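# Tertiary structure, described
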Amino acid sequence: MRTLKTLKPGVGARVVHVHGGGALRRRIMEMGLTPGVPIWVRKIAPLGDPIEIQVRGCALSLRKADAALVEIAAEPRLE
């Protein structure tokens, strides 16, 4: 399983599934990370946490632990 945590800056992907349960899964999905949505990694903090992503025209920051719950299918860079 490939997750959002493994992407490098400038690489795009499409959300396949959001794992986890309860309030955490709901919070991630409320931020716009739902199955089928294209995303791309804008940048990663110097120490690796958090990760800034572009989704639905908005920039979001996710902790690595939360990004590890988002299963993806890699695609070419999305703008």
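Everything below is about the structure printed above this text.
Computed from a predicted structure; not experimentally measured. (Residues numbered from 1 in each chain as written. Predicted model: local features only at pLDDT ≥ 70, side-chain atom pairs only at ≥ 80, totals over all residues. Heavy atoms only, no water.)

What follows deals with the overall build of the protein. Tallying secondary structure elements over the protein gives two helices and five strands in all. Element order for the protein, N to C, with α for helix and β for strand: β-α-β-β-β-α-β. Seen along its three principal axes, the alpha-carbon backbone of the protein occupies a region of about 30 × 25 × 25 Å. Sorting the 79 residues of the protein into buried and exposed places 35% on the buried side. Restricting the contact set of the protein to residue pairs at least 6 apart, pairs at least 24 apart contribute 60%. (Helix = DSSP H or I, 4+ residues; strand = E, 2+ residues; numbered from the N terminus. Buried < 20%, exposed > 50% of the residue type's maximum accessible area, 1.4 Å probe, protein only. Contact = heavy atoms within 4.5 Å.)

Glancing now at the side chain of Asp 66. On the secondary structure map, Asp 66 appears in helix α2 (residues 64–67). Not counting residues up to four positions away in its chain, the partners in contact with Asp 66 are Leu 24, Arg 27 and Ile 28.

Looking now at the side chain of Gln 54. Within the secondary structure layout, Gln 54 lies in strand β3 (residues 51–55). Of note is the side chain of Gln 54, whose polar atom sits 3.0 Å from the side chain of Arg 42. Within the structure, Gln 54 has its side chain in polar contact with the backbone oxygen of Gly 57 (distance 3.4 Å). For Gln 54, the residues in contact, after removing those within four places along its chain, are Pro 38, Ile 39, Trp 40, Arg 42 and Ala 59. (Polar contact = N/O pair within 3.5 Å; in protein donor to acceptor, adjacent residues only side chain to side chain.)

In this structure, Pro 50 follows Asp 49 across a cis peptide bond, with omega equal to 10°. Along the chain, Pro 50 falls in the loop between β2 (38–44) and β3. Within the chain, Arg 56 stands out as a residue other than glycine whose phi angle is a positive 55°. For Arg 56, the position within the fold is in the loop between β3 and β4 (58–62).

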